[in-house]
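# Observations on the model geometry
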Amino acid sequence: MTRFVTRRRAIAAAAILAVLLALLFVTFEISKAACWQLIGTPVCKVETDEKLIALTFDDGPTPLGVDAVLPVLERYGAHATFFLVGQEMEWHPGQAQRLVAAGHELGNHSFYHQRMWGLFPGSYEAEIRRTDALLRAAGQPNPHFFRPPNGKKLTGLPIAVARAGYTTVTWDYEDQMTGPSARAFADTTLARVKPGSIVVMHVMYKPGQVQRDALPLILEGLKARGYRVVTVGELLKHAR
Ligand SMILES: [Zn+2]
């Protein structure tokens, strides 16, 4: 009898554990969905018939990334949206200003770039506000696009984003963090984008060399296909 009860308890415990693991998995999957979130709607692409693409760069600003991409974007007459980390703006003063001066748009990518779920409610808002002040000081008028670090969000972050007057912007194509070569990387990107796509690239740190090398190839390919590269703000103006 005792052995029977112990076995039943073990089965019940295993079932509870399985349910908890399943819930954890579902929560994780929901947190990183690019085009859907529990509260509000993130912008992951724009419905348009015009051949427009928004190119976005996450993280930094670092002198390495800014030095590499500014001249390339200028050469192709492309304007991009840079989602910057507040702490990095403090570490590298003047870099965000360079981006604004070149006609690019700045977005908010939090202050510490930490996991943004399971935090104290006030923390989300503090991260957004601190970075918002730095973006304004760098010359970005009325910053209002927010990109969650690592694309992760549940409920606390979307609420804080809406309260701060921001819109969550994700992507419909994310660069592969490592690629075999700049050419292969560019070809994969070019094959995946369509009118209204929002592309995210990571060019700010040392491991992003393939991405930095691929940028002119991507811009050349987009130009050949008749695309114009614009900021997220500009892309939204062309929504159907
Ligand atoms: Zn990031």
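Look a little higher up for the structure.
What comes next is a walk through the structure. What you are looking at is a predicted structure, and each value in this text was computed from that prediction instead of being measured.

## Quick word on the overall build of the chain
The helix and strand inventory of the chain stands at nine helices and eight strands. For the chain, the spread of C-alpha atoms along the principal axes amounts to about 80 × 40 × 40 Å. The 240 residues of the chain split such that 45% are buried. Taking all contacts inside the chain whose residues are at least 6 apart in sequence as the whole, residues at least 24 apart take part in 77%. Across the chain, the mean location of the 27 positive side-chain charges is 10 Å away from that of the 21 negative side-chain charges.

## So, the packing of helix α2 (residues 63-75) against helix α8 (residues 209-224)
Interhelical geometry of α2 versus α8 gives an angle of 15 degrees and a closest axis separation of 10 Å. Compared by their axis directions, α2 and α8 come out roughly parallel. By crossing handedness, the relation of α2 to α8 is classed as right-handed. Taking contact as the criterion, the partners of Leu-64, Ala-68, Val-69, Val-72, Leu-73 and Arg-75 in α2 are, on α8, Arg-212, Leu-215, Pro-216 and Leu-219. Looking at the contact of α2 with α8 residue by residue, the classes come out as eight nonpolar, no polar and two charged.

## Brief notes about the coordination of the zinc ion
Donor atoms from the polypeptide that bind the zinc ion are Asp-59 (OD), His-109 (NE2) and His-113 (NE2), placed at 2.1 Å. If you list the donors of the zinc ion from N- to C-terminus, the spacing comes out as D-x49-H-x3-H. With relative accessibility at 1%, the residue His-109 sits in the buried group.

## Describing the environment of Tyr-227
Position of Tyr-227 among the secondary structure elements: in the loop between α8 and β8 (228-230). We classify Tyr-227 as buried; its relative accessible area is 13%. Distance in space between the C-alpha atoms of Tyr-227 and Phe-146 is 25 Å, their sequence separation being 81 residues. Excluding residues that lie within four positions of it along the chain, Tyr-227 makes contacts with Lys-51, Leu-52, Ile-53, Val-193, Lys-194, Pro-195 and Leu-222.

## Here we look at the side chain of Arg-212
For Arg-212, the location among the structural elements is in helix α8. Despite its burial, Arg-212 pairs with no opposite charge; the closest candidate is Asp-213, at 6.2 Å N-O. Among the polar contacts made by the side chain of Arg-212, one reaches the main-chain carbonyl oxygen of Tyr-205 at a distance of 2.7 Å. Not counting the four nearest positions on each side in its chain, Arg-212 is found in contact with Leu-64, Ala-68, Val-203, Met-204, Tyr-205 and Lys-206.

## Quick word on helix α6 (residues 156-163)
When α6 is considered as a whole, its buried residues turn out to be Leu-157, Pro-158, Ala-160 and Val-161. Angularly, the buried residues of α6 cover 165 degrees about the axis, an arc narrow enough to put them on a single face. Along α6, the residues that are exposed and aim more than 90 degrees away from the buried face are Ala-162 and Arg-163. Contact partners of the buried residues in α6: α5 (121-137), β4 (145-146) and β5 (167-168). Gly-165 lies just past α6 and shows a positive phi near 80 degrees.

## Section: the nonpolar core
Counting 44 residues, the largest nonpolar core has Leu-55, Phe-57, Leu-73, Phe-82, Met-201 and Leu-215 as its most contacted members. Judged by nonpolar contacts, the second largest core, of 13 residues, contains Val-46, Phe-145, Trp-171 and Val-200.

## Quick look at the pairing of strand β2 (residues 81-84)
By the alternation rule, side chains of β2 split into Thr-81 and Phe-83 and Phe-82 and Leu-84, which are all buried. The pairing of strand β1 (residues 52-58) with β2 spans three bridges and is parallel. Among the inter-strand pairings, Asp-58 is bridged to a residue of β2, identified as Phe-83. For the crossover from β1 across α2 to β2, the handedness is right-handed. In terms of strand pairing, β2 meets strand β3 (residues 105-108) through four bridges, oriented parallel. Paired with Phe-82 across the strands is Leu-106, a residue of β3.

## As for the packing of helix α7 (residues 182-192) against α8
Closest axis-to-axis distance for the α7/α8 pair is 8 Å, and the angle between their directions is 45 degrees. It follows from the interaxial angle that α7 and α8 lie oblique. The handedness of the crossing between α7 and α8 is right-handed. Contacts between α7 and α8 involve Ala-182, Arg-183, Phe-185, Ala-186, Thr-189 and Leu-190 from the former and Val-210, Gln-211, Asp-213, Ala-214, Leu-217, Ile-218, Gly-221 and Leu-222 from the latter.

Analysis parameters
Sequence order as written defines residue numbering, which begins from 1 separately in each chain. Local features are withheld for residues below a pLDDT of 70 in this predicted model, meaning they are given only at 70 or higher, and side-chain atom pairs are given and counted only at 80 or more; totals for whole chains, interfaces and linings count all residues. Side-chain measures were taken over the full set of non-hydrogen atoms in the model, leaving aside hydrogen atoms and water. Numbering of helices and strands runs from the N terminus; a helix is a DSSP stretch of H or I covering at least four residues, while a strand is a stretch of E covering at least two. With a 1.4 Å probe rolled over the protein chains alone, any residue whose accessible area is under 20% of its type maximum counts as buried; one over 50% counts as exposed, and the rest are partly exposed. The criterion used for residue contact is that any of the two residues' heavy atoms lie within 4.5 Å. Positive: Lys, Arg. Negative: Asp, Glu. His and the chain ends are not part of the count. The atoms used to mark charge sites are NZ of Lys, CZ of Arg, CG of Asp and CD of Glu. Simply put, an axis is a line fit to the C-alpha atoms, just over the touching stretch for a helix, and the angle between two N-to-C directions goes from 0 to 180 degrees. Angle categories are assigned with fixed cut-offs, so that under 35 degrees is roughly parallel, over 145 is roughly antiparallel, 65 to 115 is roughly perpendicular, and the rest are oblique. The handedness criterion is simple: a crossing whose near helix is rotated anticlockwise from the far helix by less than a right angle is left-handed, and one whose near helix is rotated clockwise is right-handed. Side-chain classes follow a simple rule in which Ala, Val, Leu, Ile, Met, Phe, Trp, Tyr, Cys and Pro form the nonpolar group, Asp, Glu, Lys and Arg form the charged group, and the remainder, Gly included, forms the polar group. Metal donors: N, O and S atoms at distances within 2.8 Å, or within 3.2 Å for Na, K and Ca, with water omitted from the atom set so that some sites may seem incomplete. The term salt bridge refers to a side-chain nitrogen of Lys or Arg lying within 4 Å of a carboxyl oxygen of Asp or Glu. Polar contact is the term for a pair of N or O atoms within 3.5 Å; when the atoms are in protein, one must be able to donate a hydrogen and the other to accept it, and sequence-neighboring residues count only if both atoms are side-chain atoms. To be clear, the arc concerns the directions from the helix axis to the C-beta atoms. Put simply, a nonpolar core is a bunch of buried Ala, Val, Leu, Ile, Met, Phe, Trp, Tyr and Cys residues held in one set by side-chain atoms that sit within 4.5 Å of each other. Note: two strands are recorded as paired if DSSP finds a minimum of 2 bridges between them. Orient the strands so they point away from the viewer, and a crossover whose first-strand-to-second-strand path over the helix runs clockwise is right-handed.

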